[in-house]
Every structure is written in structure tokens, then in C-alpha cells.
Amino acid sequence: MVTYVYAFVLFGAFLEKMGVGTYITQLILSILGKKPGGPAKVAVVSSALVGTSSGSSVANVMVTGTFTIPMMKRAGFPPELAGAVEAAASTGGQLMPPVMGAAAFVMAEFLGRPLQRHYDSRFHAGIALLIGVYIFIDLYTKKLGIKPLEEEFPPLIRLMRYLYLILPIPLIAYLLVAGVPPQHSAIAALTVTVLGGVVAQPTLSWTVKATTITGVALLAFGIIYAGLDPYAAVVMLGVLTLLAVAVIGLALRGARRLASLIYEALASTSITATTVFLAASVAGVVQGVLTYTGQITAMGLSCWSWQAGTCFCYLC
């Protein structure tokens, strides 16, 4: 939990505070918002994309549901259906790699398998669930005769200028597939997330933004020149980037928001990590009791006997 989960919780918190989840929702709104049943379809697609970074169905609902549930109700969907669609889509989003839910790390630990080997099964399960929800929405929209919304959505051309905000998601996916340890992949993507947040701040001048990026690049070259282990260098660069951006936020009047975002992300990480660690501790106690008392073997034999009896009755 300390080695893997905390790094991903930290990464997800910074993605949320830097506005990546909100940006993804607005981007999908501009693409699908005016289609029949568009708000519900936006809920599915945006939940899948936000889920890749949050790894939490609750956080997914908080980010995407704020926009999609009211719009689904305005479009003509019953309130209970609007909530159900968002909940189902966010649950599917939790299964999407690379962050995924905390259960993926618990499974990897108990089964003794590398985390990367869980990606295929989790990805296929998430995609299958989301496709099912999307098809249901499309059919139900035709059944109810729901018309497209006539609202004005953010123009796609303007949103494309901030496409760099989602760069950490494909970056961490590539690093994990390339065999980089999960915790180091998360810290490397965290560095890019913070830099993207700096560039996206409207109150900062381009001089400050360029100076920050140049300073981080010089830090990277200095760490490499110092001859540190590559994985240790990644962690060092991530920590120094956070410190540098926090100092800039405290030193410049127009950059105070940066320091506030870093503080909020760290506070959110502590709260979320505590909850996840407690759940993992209880799961470890249950697993240990079942293993050392021999109950896990008895349960396996009982399941095997039940399945064998069922097959025998079916053949008879």
C-alpha cells in the first residue's frame, strides 16, 4: 500500500486539483453534447476517461456527475435514470487502467502477480460494462424520443488549446507498459501534471511559465548529471518540482492559486490514503484469518463440491 497505492492516490489528487477531470468532461460535452441522448453518452465517455486518472467511482461521480446529471434531467431523462447512468458509468470508469481502484493493488499483492498483468482483465471488464451502458442509453433515448439539447457548449477549438492537460494519462500508461515500476511511473506523470497545471493558470504570465519549465528541465539535467539511479532521479525530480512550484506560488502574488492547489492535493491525498489503508488493513486481517485457520481451503473444497454436484444433477 505504501509503495504503490500512495503514489497513485497522490497522482490522482493532483489530476483532480489541476482540473484534468473537469477538462475531460467539457471536451466530451463539446463533442457529444448535441447528439440525441448526448448528456447520458457524455456521462459514459467522460467517466471512462476520468476513471483512468481517478481510480475512484465516487470521485468520478463528483467530477462528471456535476455536469451530466442536471443535463440528463433537462434533456428528458427521469431523475432516477440520470443518477443510475452516472453511477454505472463511474463504476466502469474505476476499472480503467492505469490508476484503477485500490482493489487492483490488493489483488496484485494477494495473488503475487505484477500489477501490469492485471491491466488486460480490468480494461476488458471496464470497456464491456461501458459499452453495455452506452447501448442501453442509445436504445432508451430512441424509446423515449428524447431530443438533442439546444444549449451552447464550450467550443471544441478553444478546448483543444488545453489538450496538453491530459498528457499525463498516456504518459503513465506508456511507462507502465514499458516495464517502469508503478510508483515511479506515477511520480513521473505527476511532474508533467504539475507543469501542465502551471501552464494552464490564466493569472501567470508566459515569462513565469517559461521560467518554471526551464527550471524544472535544468533540475532534471542536474539530477541526471549527478549520476543518481534512474528511479531515484524520477522521485527526486517530482519532489523538487512540487517544492519549486510551491515556492513560486508563495513568492508571486498572481501565483498564490498554485500553492493553494498543491496544499489541497496533498490534503486530499492524506485523507484518501488513510481510508484506503484502513480498508486494506481490514482485508489483510480477514485474509490472514482465513488462511491460517484453514478456512480458505475448506471454502474452496465446498465450492468445488457444490459445482460438481450441480454438474451431476444437470447431466442427470
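Remember, it's a predicted structure, so these values are computed and weren't measured experimentally. (Residues numbered from 1 in each chain as written. Predicted model: local features only at pLDDT ≥ 70, side-chain atom pairs only at ≥ 80, totals over all residues. Heavy atoms only, no water.)

### Observations regarding the overall build of the protein
What counts is decided by this rule: Numbering of helices and strands starts at the N terminus; helices are DSSP runs of H or I of at least 4 residues and strands are runs of E of at least 2. In what follows, residue pairs with any heavy atoms lying within 4.5 Å of each other are defined as contacts. Using a 1.4 Å probe, accessible areas were evaluated by the Shrake-Rupley method; residue-level cover was limited to the displayed protein chains.
Regarding its fold elements, the protein presents 14 helices and zero strands. Across the protein, helices and strands are ordered from the amino to the carboxyl terminus as α-α-α-α-α-α-α-α-α-α-α-α-α-α. Intrachain contacts of the protein at a sequence separation of at least 6 include 73% that bridge at least 24 residues. Carbon and sulfur atoms make up 70% of the accessible area of the protein, which totals about 16,600 Å².

### A few points about the pattern of salt bridges
Counted only if it meets this: The rule for a salt bridge is simple: a side-chain nitrogen of Lys or Arg has to be within 4 Å of a carboxyl oxygen of Asp or Glu.
What the rule picks out here adds up to three salt bridges. Between Asp138 and Lys142 there is a salt bridge, with its nearest N and O atoms 3.5 Å apart. Residue Asp138 and its partner Lys142 are both found in helix α7 (residues 119-144); the two are separated by four residues, about one turn of the helix. Connected through shared salt-bridge partners, Lys41, Asp138 and Lys142 make up one network.

### Notes on the side chain of Ser90
Definition in use: N or O atoms within 3.5 Å of each other form a polar contact, as long as, within protein, one can give a hydrogen and the other can take it, and as long as residues adjacent in sequence are counted only when both atoms are side-chain atoms.
Inspection of the secondary structure puts Ser90 in helix α5 (residues 79-94). A distance of 2.8 Å separates the side chain of Ser90 from the side chain of Glu86, its partner in a polar contact. In contact with Ser90, not counting residues within four places along its chain, are Ser47, Ser57, Asn60, Val61 and Thr64.

### Some remarks on the packing of aromatic side chains
Think of a pair of aromatic rings as described by two things: how far the centres are apart, and how the planes are tilted against each other in angle. Test applied: Only rings of Phe, Tyr and Trp enter the pairing, Trp through its six-membered ring, and a pair is recorded when the two centres are within 6.5 Å. The plane angle decides the type: under 30 degrees is stacked, over 60 is edge-to-face, the rest tilted. Working definition: with a 1.4 Å probe on protein chains only, accessible area under 20% of the residue-type maximum means buried, over 50% means exposed, and in between means partly exposed. By definition here, charges over rings are those cases where NZ of Lys or CZ of Arg is within 6 Å of the ring centre and within 35 degrees of the ring normal.
For the structure on display, the rule yields two aromatic pairs. Relative to Tyr164, the ring of Tyr162 has its centre 6.3 Å away and its plane inclined at 50°; by these criteria the two rings are tilted. Look at Tyr162 and you get partly exposed, because its relative accessible area is 30%. A relative accessible area of 28% places Tyr164 in the partly exposed class. Positioned over the ring face of Trp206 is Lys209, at 4.4 Å from the centre of the ring.

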